[in-house]
Amino acid sequence: GKRKRLNTSVLYDSDESEDSDILVRKVFAKRQCIMDEDESSEEQQPDKTCPAENVSINRKQKVFAKLKELARQRATRTSCSSENCEDSNGEAEIEEEPLCHLPLTPTEGSETDSDSMKDFIVEEEEDDDDSTEHVKRLLTLLTFVVVLLVNSGYIAFFPVSRCDHYVHFKRIVKAFLINAIDDTFLSSLYDGTRQKKYAQDMLLSLHYLDDRFIQPRLENLISRSRWKDRYKERVDCYPDVRIILKNPKNMSCQACELNRYCKFNVLLSGKLYNSRTLEVDDFMSDDKQVLKVGMVCANRTRVYHHLKHFKYKLYVDCSSVTELDGVEDEPVKDTVERLFSQLEDSGWIQKRYNDLEDYMNDADSFQEEK
């Protein structure tokens, strides 16, 4: 009797005598049975249920399905509340591409979008396995990113891309060729006049170039520098730059206004232009600026200027191609298709795209100001 009491805890009926062996055995048997069920349930579970991998996969599929349904519902609400929901008699094909809507400003629908982010938070079942924690972290990250995009007003520009970067780039080249012949094309894209699918695809690609490729890198270059606003505005305004090595001089750098060993002259020139329509402003077209800077600011100027004015330079090159073409009395569409095929076959487009990638890599690898 003592060995049994040492190994296990025995519950006694308070209404009976402690000396009753029979009662002890009865209660002991019930206790032992309960303990066996509790302690062995976790060990026997894998034999009676599906493997852990299947449970994890099923859970992820349920989470994905729920997110997909919530995203579909939100897209429906957004599209129905925008101006693009109005019926268009001549542009029926646009309804097939709801991804090309113009962006919402941060004040338009930001409160509704922020509140709707709660729909994307999926409550997890109580489970301690690693896969559940992994899914939970992914959902938290997804919610955070979506909220940022909504609050920034960029959500309409960041659908899941149906084509790679080079396809976007080729659309932009074709748009520039059209505008070089018809100089109202780009302005009609941005003001919403053109609603056909090909035009909306070009507009999406133009935004993709600005908002995905160029602008984030420009902001990163500026945020990690000590440039003064006045110098940045000058670099932004002049599409042409020459950086010339001169006799060194210990002086205040005209870019960051810090005392530096300045040995470079930055020569800025060229006409001011509209960053969207690329229309040139002839006001003070011969104006030039010469600024003496240190080595780091000179290198940063080169990298920043390449990216800042890449789109305009590409358009100038496309305009030169159309000017050199000697074919006349040909429809604009046929001329553009013919010139575009020539540029693609000769590797001209690929070379310009490679230049853009080089400029982006230079910006990504540029060191921080010391």
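Residues numbered from 1 in each chain as written. Predicted model: local features only at pLDDT ≥ 70, side-chain atom pairs only at ≥ 80, totals over all residues. Heavy atoms only, no water.

Colleague: Quick one: what's the story with the overall build of the chain, residue by residue and with numbers?
Modeller: Along the chain, the regular secondary structure elements total 13 helices and five strands. When the 370 residues of the chain are sorted by exposure, 34% land in the buried category. A separation threshold of at least 6 residues defines the contact pool for the chain, and within that pool the share at least 24 residues apart is 72%. Summing over all exposed atoms, the chain offers an accessible surface of approximately 23,700 Å²; the carbon and sulfur share of this is 50%. (Helix = DSSP H or I, 4+ residues; strand = E, 2+ residues; numbered from the N terminus. Buried < 20%, exposed > 50% of the residue type's maximum accessible area, 1.4 Å probe, protein only. Contact = heavy atoms within 4.5 Å. Areas by Shrake-Rupley, 256 points an atom, 1.4 Å probe, with all protein chains shown as cover.)

Colleague: Quick rundown of the side chain of Ser188? Include the residues and the values.
Modeller: With respect to the helices, strands and loops of the structure, Ser188 is situated in helix α7 (residues 185-190). With a relative accessible area of 9%, Ser188 lands in the buried category. A polar atom in the side chain of Ser188 sits 2.6 Å from the backbone oxygen of Phe185. Here the side chain of Ser188 touches Arg194 through a polar contact of 2.6 Å, side chain to side chain. The contact partners of Ser188, leaving out residues within four places of it in the chain, are Thr193 and Arg194. (Polar contact = N/O pair within 3.5 Å; in protein donor to acceptor, adjacent residues only side chain to side chain.)

Colleague: Tell me what's going on with the nonpolar core, and back it up with residues and numbers.
Modeller: In terms of nonpolar packing, the biggest core is built from 60 residues, with Val173, Phe176 and Val293 touching the most fellow members. Ranked by residue count, the leading element in this core is helix α8 (residues 197-223), at ten residues. Residues within four places of Val173 in sequence aside, it is in contact with Leu314, Cys318, Phe340, Trp348 and Ile349. (Core = buried A, V, L, I, M, F, W, Y, C linked by side-chain atoms within 4.5 Å.)

Colleague: Report on the pairing of strand β2 (residues 259-269), specifying residues and quantitative values.
Modeller: Pairing analysis gives ten bridges linking strand β1 (residues 240-252) to β2, with the strands arranged antiparallel. Following the sheet pairing, Ser252 is matched in β2 by Asn259. The turn joining β1 and β2, which pair antiparallel and follow one another in sequence, is formed by six residues; a positive phi near 60 degrees is taken by Glu257. Where β2 meets strand β5 (residues 289-293), five bridges bridge the pair, whose relative direction is antiparallel. What sits directly across from Asn265, in β5, is Lys292. (Pairing = 2+ DSSP bridges.)

Colleague: Let's hear about the environment of His168: which residues, and what values?
Modeller: Residue placement: His168 occurs in helix α6 (residues 165-181). Along the chain, His168 and Leu204 lie 36 residues apart, while their C-alpha atoms are 8.3 Å from each other.

Colleague: Now, about the packing of aromatic side chains: what can you tell me, with residues and values included?
Modeller: In total, this model carries nine aromatic pairs according to the counting rule given. With a centroid separation of 5.6 Å and an interplanar angle of 80 degrees, the aromatic rings of Tyr208 and Phe213 are classed as edge-to-face. By the burial criterion, Tyr208 is buried, and Phe213 matches it. Consider the rings of Trp227 and Tyr304, whose centres lie 5.6 Å apart with planes at 70 degrees: the pair is edge-to-face. With Trp227 in the loop between α8 and α9 (229-237) and Tyr304 in helix α10 (residues 295-308), the pair connects residues that are 77 residues apart, well separated along the chain. As far as burial versus exposure is concerned, Trp227 and Tyr304 are alike and both buried. Within the aromatic cluster, the residues linked to one another by ring pairs are Tyr166, Phe169, Phe310, Tyr353 and Tyr359. (Phe/Tyr/Trp six-rings, centres within 6.5 Å; stacked < 30°, edge-to-face > 60°.)

Colleague: A description of helix α13 (residues 348-364) should follow, citing residues and the corresponding values.
Modeller: In this model, α13 (17 residues) spans 25 Å end to end at C-alpha, consistent with the 24 Å of a helix rising 1.5 Å per residue. Three or more residues of α13 are buried, namely Trp348, Ile349, Arg352, Tyr353, Leu356, Met360 and Ala363. Projection of α13 onto a plane perpendicular to its axis shows the buried side chains occupying an angular sector of 140 degrees, all on one side. If you follow the buried residues of α13, they end up packed against α6, α8, α10, α11 (310-324) and α12 (332-346). (Expected span 1.5 Å × (residues − 1). Arc of directions from axis to C-beta.)

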